[in-house]
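Structure at a glance
Here's the letter readout for the chains.
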Amino acid sequence: MTALNETHDPKLISWVASANLPGNDFPIQNLPFAVFRRKGSDEAFRGGVAIGDQVLDLATLSSKNLFAGETQQAALAASGSTLNDFMAMGQSAWSSLRLALSRLLREDAKQQAITAQCLLDMEDVEYALPAHIGDYTDFYTSIYHATNVGKLFRPDNPLLPNYRWVPIGYHGRASSVILSGDDIQRPQGQLMPPGAERPTLAPSKRLDFELELGIFVGTGNSLGTAIPIDQAEQHVFGMCLLNDWSARDIQGWEYQPLGPFLSKSFATSISPWIVTLEALAPYRLPFTRDADEPQPLPYLDSEHNRAAGAFDIQLKITLATPSMREAELPGHTICQTSYRHAYWTLAQLITHHTVNGCNLQAGDLLGSGTLSGPEPHQLAAMLEITQGGKQPLTLPNGEQRTFLEDGDQVTLRGWCATKDAARIGFGECIGTVFSR
Ligand code: CA
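Conventions we followed
Residues numbered from 1 in each chain as written. Predicted model: local features only at pLDDT ≥ 70, side-chain atom pairs only at ≥ 80, totals over all residues. Heavy atoms only, no water. Axes fitted to C-alpha atoms, helices over the stretch in contact; angles between N-to-C directions. Helix = DSSP H or I, 4+ residues; strand = E, 2+ residues; numbered from the N terminus. Parallel < 35°, antiparallel > 145°, perpendicular 65-115°, else oblique. Contact = heavy atoms within 4.5 Å. Nonpolar A, V, L, I, M, F, W, Y, C, P; charged D, E, K, R; others polar. Buried < 20%, exposed > 50% of the residue type's maximum accessible area, 1.4 Å probe, protein only. Pairing = 2+ DSSP bridges. Patch = residues over 30% accessible without salt bridge, like charges linked within 9 Å, V, L, I, M, F, W, Y side chains within 5 Å. Areas by Shrake-Rupley, 256 points an atom, 1.4 Å probe, with all protein chains shown as cover. Salt bridge = Lys/Arg side-chain N within 4 Å of Asp/Glu carboxyl O. Lys, Arg positive; Asp, Glu negative; His and termini not counted. Charge placed at Lys NZ, Arg CZ, Asp CG, Glu CD. Donors = N, O, S within 2.8 Å, 3.2 Å for Na, K, Ca; no water. Core = buried A, V, L, I, M, F, W, Y, C linked by side-chain atoms within 4.5 Å. Disulfide = S-S within 2.5 Å. 1 Å grid on protein atoms, 1.4 Å probe; cavity = no way out; pocket = protein on both sides within 12 Å on 5 of 7 lines; lining within 4 Å. Points joined across faces, edges and corners; volume = space filled by probe spheres on them.

Geometrically, a packed helix pair is captured by the angle between its two axes and the distance between the axes. Where helix α2 (residues 69–77) meets helix α4 (residues 91–105), the axes come as close as 8 Å, and the angle between the chain directions of the two elements is 95 degrees. Between α2 and α4, the interaxial angle falls into the category roughly perpendicular. The segment α2 lies against α4, with Glu70, Thr71, Ala74 and Ala75 engaging Ser92, Ala93, Ser96, Leu97 and Ala100. A breakdown of the residues in the contact of α2 with α4 according to their chemical character gives five nonpolar, three polar and one charged.

A few words on the side chain of serine 176. Examined against the element boundaries, serine 176 turns out to sit in the loop between β7 (169–171) and β8 (177–179). Taking the relative accessible area as the measure of exposure, serine 176 reaches 11% and is therefore buried. If we ignore the near neighbours within four places in the chain, the residues touching serine 176 are Ser265, Phe266, Ala267 and Thr268.

Attention now moves to the sheet that holds strand β4 (residues 119–121). Working definition: the strands of a sheet are paired by backbone hydrogen bonds and lie parallel or antiparallel to each other. Strand order in the open sheet made by the five strands is β4-β3-β2-β1-β5, with antiparallel pairing throughout. At either end of the open sheet lies a strand with only one pairing partner, and these are β4 and β5 (125–128). Each neighbouring strand pair of the sheet contributes to a mean axis angle of 50 degrees, computed without reference to strand direction. Summarising the sheet, strand β1 (residues 33–38) and strand β2 (residues 46–51) pair through four bridges and their orientation is antiparallel. Considered in β2, the bridge of valine 35 is made with glycine 47.

On to a negative patch on the surface, then. Taken together, the side chains of Asp53, Asp121, Glu123 and Asp124 define an acidic patch exposed on the protein surface. For aspartate 53, a relative accessible area of 41% translates into the label partly exposed.

Geometry sets the ideal angles at a metal, namely 109.5 degrees for four tetrahedral donors and 90 or 180 degrees for six octahedral donors. Donor atoms from the polypeptide that bind the calcium ion are Asp138 (OD), Glu210 (OE), Glu212 (OE) and Asp244 (OD), placed at 2.2 to 2.3 Å. Of note, the donors binding the calcium ion are all from one chain and are spaced D-x71-E-x1-E-x31-D. Residue aspartate 138 is found in strand β6 (residues 136–139), and its partner glutamate 212 is found in strand β13 (residues 211–217); the two are separated by 74 residues along the sequence.

Below, the discussion takes up the pattern of salt bridges. Scanning the entire structure with this criterion turns up 23 salt bridges. The partner of aspartate 9 in a salt bridge is lysine 11, and the shortest N-O contact between them spans 3.9 Å. For lysine 11, a relative accessible area of 68% corresponds to the exposed category. A salt bridge links glutamate 233 to arginine 284; the shortest N-O distance between them is 2.5 Å. Within this pair, whereas glutamate 233 is found in the loop between α7 (229–232) and β14 (236–243), its partner arginine 284 is found in strand β18 (residues 284–285), the two being separated by 51 residues in sequence.

Turning to the nonpolar core, a few remarks are in order. Core analysis: the largest hydrophobic core is formed by 63 residues, its most contacted members being Met239, Leu280, Ile313 and Tyr339. Sequence-distant contacts of isoleucine 313, defined by excluding residues within four places in its chain, comprise Leu213, Met239, Leu280, Thr337, Ser338, Tyr339, Trp415, Cys416 and Phe426. Leu56, Ala109, Ala174 and Leu179 belong to the second-largest nonpolar core, a separate cluster that totals 45 residues.

Taken as a whole and assessed by the stated rule, the structure comprises zero disulfides. No disulfide involves cysteine 335; its sulfur sits 14 Å from the nearest other cysteine sulfur, which is in cysteine 429.

Moving on: the sheet that holds strand β20 (residues 314–320). On the basis of which strands lie adjacent, the open sheet formed by five strands has the order β9-β26-β25-β20-β21 and mixed pairing. Each end of this open sheet is capped by a strand with a single partner; those strands are β9 (184–185) and β21 (332–338). Sheet topology note: the β20/β21 ladder contains six bridges and is antiparallel. Directly across from threonine 318, in β21, lies its bridge partner threonine 333.

Before going further, it helps to examine α2. For α2, the complete set of buried residues consists of Thr71, Gln72, Ala74, Ala75 and Ala77. Against the buried residues of α2 lie α1 (58–61), α3 (84–89) and α4.

Here the largest pocket defines a volume of roughly 610 Å³. Taken together, 31 residues form the lining of the largest pocket, with Tyr140, Ile168, Tyr255, Gly259 and Pro260 sitting closest to its centre. Mapped by element, the contributors of at least two residues to the lining of the largest pocket are β6, α6 (143–153), β7 and α8 (248–254). In terms of residue count, α6 provides more of the lining of the largest pocket than any other element does, five residues in total. Here the residues of the lining of the largest pocket are counted per class, giving 15 nonpolar, nine polar and seven charged.

This is a description of form; function is not addressed.
Below you can see the structure in the form of structure tokens.
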């Protein structure tokens, strides 16, 4: 989905005043989806759309007789306690609801009074996972991350020869995908420190984060069929922020030969709001592969993918220690990168995932992999920032970190901004570490 339409017009203004404030993540050009209810209530969770500092309640809105046909069907499907049914409806339904919501929220909308009855203050709501996530797959799409990590685990052989040919991934754990704001319990596991004779069971001492994007599958494919690259994006509903918490000491001992297992499956945080692929249309970039790199195999290549396969999504990590938070200091920015540096595009991930006939389903979640870029300020995990714990990170208040300590709070943020389009954002994905 790369075509621009009236919903992307940077001149659109909403009658919801907070949506028009510069720097706000949720202007009328964004319209991301979440599942929410009033904070502390026993109301049913239902779908909502963010506009400024408000949430538009789709369950209430769909009872107001404002929509018809496919748009009404879409609004009803998005009113349930998960968005799976809405995600399964496909591009035309997602697009028609987006257009209808955009028109309802514009400054000259006639139905403003009715629509205003369906708004709640964002600070008064709590969220649920936006979908029932049947399967979670984590990819490894930054060659910078793969090389940096490879150097630490295998100094003589940092980047394995398959990397430049295969979008590397593994099947993650869907049951431990949690929401932004949920605390992260330090996991225990088998640790085998260098020089030790035998492993011990102990709490991880090398707890880390990974800045990633989460990709929600919309329409799936049937078992035994593959999704061609030029249809791949039609199967993607949208993206959120994702923190793939990782215990590096558990990982280093367990990962060969089958890849990560308990070092990753204790928690994966996602942000509540899913920004649709349609909303991301103005921020597409060409996908290029340097001439001295192997070019993608034909099934991972297309004219469209070359012309606009990449996304310029700006990403940032801040870290706040307990003493920084006590002193009311802001989180310190420890990484600022962009999804544009990914070695494989989103379409290539979908196509590769299904090339063997594997069936994706509505609500499946893909992780992009840690999105480190080429520069030192673009490293998206502590493992890279501190070179495996060898070079501590010094924070502005003088504290140092090699890996995360109890009480440390990690916040991911993402946004898109270009001169011909409105700035849109992803909100945030927060997690705080604790030990039991
Ligand atoms: Ca990961």
